[in-house]
Amino acid sequence: MKSCGSMLRLWGQRLPAAWVLLLLPFLPLLLLAAPAPHRASYKPVIVVHGLFDSSYSFRHLLEYINETHPGTVVTVLDLFDGRESLRPLWEQVQGFREAVVPIMAKAPQGVHLICYSQGGLVCRALLSVMDDHNVDSFISLSSPQMGQYGDTDYLKWLFPTSMRSNLYRICYSPWGQEFSICNYWHDPHHDDLYLNASSFLALINGERDHPNATVWRKNFLRVGHLVLIGGPDDGVITPWQSSFFGFYDANETVLEMEEQLVYLRDSFGLKTLLARGAIVRCPMAGISHTAWHSNRTLYETCIEPWLS
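Residues numbered from 1 in each chain as written. Predicted model: local features only at pLDDT ≥ 70, side-chain atom pairs only at ≥ 80, totals over all residues. Heavy atoms only, no water.

- The chain appears in an unreviewed UniProt entry as Lysosomal thioesterase PPT2 from Gorilla gorilla gorilla.

Right, here's the structure in full:
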């Protein structure tokens, strides 16, 4: 297609000079009518919140994405807000699955997931149970991927008479498994009880045999990149290395991801992902748990590079 300048030169060859002068005032309009330069389109972004959160918490993150990747379609899913986030995680997985399926269907080029705190576990389960997901980057933002074992304000509010040393009595009961936080409670001193009672984390980790284990592993490995974000000043995720698939042994010594049985056995695909260079670890100090999704430096360093 000819540019406006070449069009005027052509007209100048064919029309008297007076006509060219008459057309000059309309040059801005012709420039506006010219096709705009092509802008790269970005994959849609889906955001899943954490415990006691809502979509409002992610207004800063939404602002950052709009600034750096204009035109990106960002959906902050408004499901299981506030106290509803205590619902069993499998129930939440089903609800979020119904919400993301139509978004993925409209994005044949793929989508990105940004999943915060408890939401990171919901998203990992989604990647496991969805046979045809098209997630390019799964960004796990300060999420207890290997479980939680620490006293927090959330726990004290929910179970005021319990401490982490005896919370297993509640969490590893059928009644306790009706609370989301108990679905990923991981007591390193009662590993047998955890493996037998955990209706969620032990299953998506492949730590307990179940008929869907092979299919779930295959589904999880469809992801393009697994971006793990967390840090030592989080103050909630305990141990903080759980954000990177590290966790306590029976002596409460933290073993890193490569020392975990789920990695060594490649039970749900971590070892395979690392071997193909698909795992990105982005630790950052100085950020508290409720500030991960509003910290601009963190966004530019650990999130923005993976929003293609």
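**Here we look at the packing of aromatic side chains**
Point 1. With the rule as written, the count across this model stands at 13 aromatic pairs.
Point 2. Taken together, a centroid distance of 5.5 Å and an interplanar angle of 45° make the contact between Trp 90 and Trp 216 tilted. Here the residue Trp 90 occupies a position in helix α5 (residues 89–105), and Trp 216 occupies one in helix α12 (residues 213–220), the gap between them amounting to 126 residues.
Point 3. The class for Trp 216 is buried, based on a relative accessible area of 14%.
Point 4. Ring pairs connect the aromatic residues Tyr 149, Trp 185, Phe 247 and Tyr 248, which therefore count as one cluster.
Point 5. For Arg 124, the ring lying beneath its charged end belongs to Phe 268, and the centroid distance is 4.6 Å. (Phe/Tyr/Trp six-rings, centres within 6.5 Å; stacked < 30°, edge-to-face > 60°. Helix = DSSP H or I, 4+ residues; strand = E, 2+ residues; numbered from the N terminus. Buried < 20%, exposed > 50% of the residue type's maximum accessible area, 1.4 Å probe, protein only. Lys NZ or Arg CZ within 6 Å of the ring centre and 35° of its normal.)

**Looking at the packing of helix α4 (residues 59–68) against helix α15 (residues 296–303)**
Point 1. It is at 11 Å that the axes of α4 and α15 come closest, and there the two elements cross at 55°. Classified by the interaxial angle, the pair formed by α4 and α15 is oblique. Taken as a pair, α4 and α15 cross one another with a handedness that is right-handed. Touching Leu 61, Tyr 64, Ile 65, Glu 67 and Thr 68 of α4 are Arg 296, Tyr 299 and Ile 303, all from α15.
Point 2. When grouped by side-chain class, the residues that make up the contact of α4 with α15 number five nonpolar, one polar and two charged. (Axes fitted to C-alpha atoms, helices over the stretch in contact; angles between N-to-C directions. Parallel < 35°, antiparallel > 145°, perpendicular 65-115°, else oblique. Left-handed = near helix turned anticlockwise from the far one by under 90°. Contact = heavy atoms within 4.5 Å. Nonpolar A, V, L, I, M, F, W, Y, C, P; charged D, E, K, R; others polar.)

**Brief notes about the environment of Tyr 64**
Point 1. Of note, Tyr 64 is situated in helix α4.
Point 2. Residues Tyr 64 and Glu 304, spaced 240 residues apart in sequence, show a C-alpha to C-alpha distance of 8.7 Å.
Point 3. Setting aside anything within four residues of it in sequence, one finds Tyr 64 in contact with Ser 294, Asn 295, Arg 296 and Tyr 299.
Point 4. At a separation of 2.7 Å, a polar atom in the side chain of Tyr 64 contacts the main-chain carbonyl oxygen of Ser 294. (Polar contact = N/O pair within 3.5 Å; in protein donor to acceptor, adjacent residues only side chain to side chain.)

**Looking at the sheet that holds strand β1 (residues 45–48)**
Point 1. Taking strand neighbours across the sheet as the criterion, the six strands line up as β2-β1-β3-β4-β5-β8 in an open arrangement whose pairing is parallel. Strands with a single pairing partner mark the edges of an open sheet, and in this sheet they are β2 (74–76) and β8 (279–283). The sheet shows a mean angle of 15° between the axes of neighbouring strands, taken without regard to direction.
Point 2. The pairing of strand β4 (residues 135–141) with strand β5 (residues 225–230) spans five bridges and is parallel. Following the sheet pairing, Ser 140 is matched in β5 by Leu 228.
Point 3. Along the sheet, α15 makes contact with β3 (111–116), β4, β5 and β8, crossing β5 at roughly 150°. (Pairing = 2+ DSSP bridges.)

**Description of the packing of α5 against helix α6 (residues 118–129)**
Point 1. For the pair α5 and α6, the least separation of the axes is 9 Å and the interaxial angle reads 65°. The angle between α5 and α6 falls in the class roughly perpendicular. Between α5 and α6 lies a crossing of right-handed hand. Taken together, the residues of α6 that come into contact with α5 (itself represented by Leu 89, Trp 90, Gln 92, Val 93, Phe 96 and Arg 97) are Gln 118, Val 122, Ala 125, Leu 126 and Val 129.
Point 2. Across the contact of α5 with α6, the residue classes break down as eight nonpolar, two polar and one charged.

**Things to note about the state of the cysteines**
Point 1. On inspection of all chains with the given rule, the structure shows three disulfides.
Point 2. Shown here is the disulfide that connects Cys 115 with Cys 123, its sulfur atoms set 2.0 Å apart. Here the S-S torsion is close to -85°, and the disulfide linking Cys 115 with Cys 123 is therefore left-handed.
Point 3. Two residues share a disulfide in this structure: Cys 171 and Cys 182, whose sulfurs sit 2.2 Å from each other. (Disulfide = S-S within 2.5 Å.)

**A few points about α15**
Point 1. Those residues of α15 lying buried are Leu 298, Tyr 299, Cys 302 and Ile 303. Each buried residue of α15 lies within a common arc of 100° when the element is viewed along its axis, so the set occupies one face.
Point 2. Where α15 is buried, its residues meet α4, β3, β4, β5 and β8. (Arc of directions from axis to C-beta.)

**Brief notes about the nonpolar core**
Point 1. Formed by 62 residues in total, the largest nonpolar core has its most connected members in Leu 113, Val 135, Phe 138, Leu 226, Phe 245, Leu 270 and Leu 273.
Point 2. If you look at the next biggest cluster of nonpolar residues, it comprises 23 residues, including Leu 61, Val 227, Ile 229 and Ile 303. (Core = buried A, V, L, I, M, F, W, Y, C linked by side-chain atoms within 4.5 Å.)

**Remarks on the pattern of salt bridges**
Point 1. Under the definition given, this model contains six salt bridges.
Point 2. Of the charged contacts, one joins Lys 43 and Asp 136 as a salt bridge, the two residues approaching to 3.5 Å between their closest N and O atoms. One end of the pair, Lys 43, is in the loop between α3 (27–33) and β1; the other, Asp 136, is in strand β4, and 93 residues separate them in sequence. With respect to class, Lys 43 is no different from Asp 136; both count as buried.
Point 3. Linking Glu 91 and Arg 87 is a salt bridge whose minimum nitrogen-to-oxygen distance equals 2.9 Å.
Point 4. Taking the relative accessible area as the measure of exposure, Glu 91 reaches 34% and is therefore partly exposed.
Point 5. Via salt bridges that share partners, Glu 67, Arg 296 and Glu 300 belong to a single interconnected network. (Salt bridge = Lys/Arg side-chain N within 4 Å of Asp/Glu carboxyl O.)

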